Amino acid sequence: MQVNINGKMEDISAMLVGAERYALGRRTYIVQWTCEFIKNNLHLITNKDKQVIIRDIESPISYGDECDKECWIKLLEILKKEGQTDEKIRNTRKSV
């Protein structure tokens, strides 16, 4: 099912940062759900907001439980890898 959302890309990206910040440190189902949603929708997050999420995950007050920490660390690895890919693409475009 296709979903239409009213708002700018920056608005959607900011809402995903808000979801991440709400879930980080929680000890409920919302952690896995949020990590999965962000992972599956990286195309909706601006590069600036990806860096914000990376910074948040790298220095949280708490990850929650150990299983929650695993979700956050996996998402962190994905975001960093995505950032490296984005950087390579930008460098390739600059050299062309």
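Higher on the page you've got the structure.
Below is a summary of the structure that appears in this document. (Residues numbered from 1 in each chain as written. Predicted model: local features only at pLDDT ≥ 70, side-chain atom pairs only at ≥ 80, totals over all residues. Heavy atoms only, no water.)

### Things to note about the nonpolar core
In step 1: Counting residues in each nonpolar core, the largest one holds 21 residues, and the members touching the most others are Ile 45, Ile 53, Ile 57, Trp 72, Leu 75 and Leu 79.
In step 2: In this structure Leu 79 touches Leu 42, Lys 50, Ile 53, Ile 54 and Ile 57, once residues within four positions along its chain are discounted. (Core = buried A, V, L, I, M, F, W, Y, C linked by side-chain atoms within 4.5 Å. Buried < 20%, exposed > 50% of the residue type's maximum accessible area, 1.4 Å probe, protein only. Contact = heavy atoms within 4.5 Å.)

### Considerations on the pattern of salt bridges
In step 1: Under the counting rule described, the total for this entry stands at five salt bridges.
In step 2: Of the charged contacts, one joins Arg 27 and Asp 65 as a salt bridge, the two residues approaching to 2.9 Å between their closest N and O atoms. Note that Arg 27 is positioned in the loop between helix 1 (9-23) and helix 2 (30-40) and Asp 65 in the loop between helix 3 (47-58) and helix 4 (66-95), a separation of 38 residues in sequence.
In step 3: Judged by its relative accessible area of 61%, Arg 27 is exposed.
In step 4: Taking the shortest distance from any N to any O, the salt bridge between Lys 50 and Glu 82 comes out at 3.2 Å. Here Lys 50, found in helix 3, pairs with Glu 82, found in helix 4; they are 32 residues apart in sequence, far enough to count as distant.
In step 5: Glu 82 sits in the partly exposed class, given a relative accessible area of 26%. (Salt bridge = Lys/Arg side-chain N within 4 Å of Asp/Glu carboxyl O. Helix = DSSP H or I, 4+ residues; strand = E, 2+ residues; numbered from the N terminus.)

### Things to note about the packing of helix 1 against helix 3
In step 1: As a packed pair, helix 1 and helix 3 sit with axes 10 Å apart at the nearest point and diverge in direction by 5°. Taken together, the axes of helix 1 and helix 3 are roughly parallel relative to one another. Each of Glu 10, Ser 13, Ala 14, Val 17, Glu 20 and Arg 21 in helix 1 lies in contact with helix 3, whose residues at this interface are Asp 49, Val 52, Ile 53, Arg 55, Asp 56 and Ile 57.
In step 2: Grouping the constituent residues of the contact of helix 1 with helix 3 by class yields five nonpolar, one polar and six charged. (Axes fitted to C-alpha atoms, helices over the stretch in contact; angles between N-to-C directions. Parallel < 35°, antiparallel > 145°, perpendicular 65-115°, else oblique. Nonpolar A, V, L, I, M, F, W, Y, C, P; charged D, E, K, R; others polar.)

Any functional reading would require information that these geometric values do not contain.
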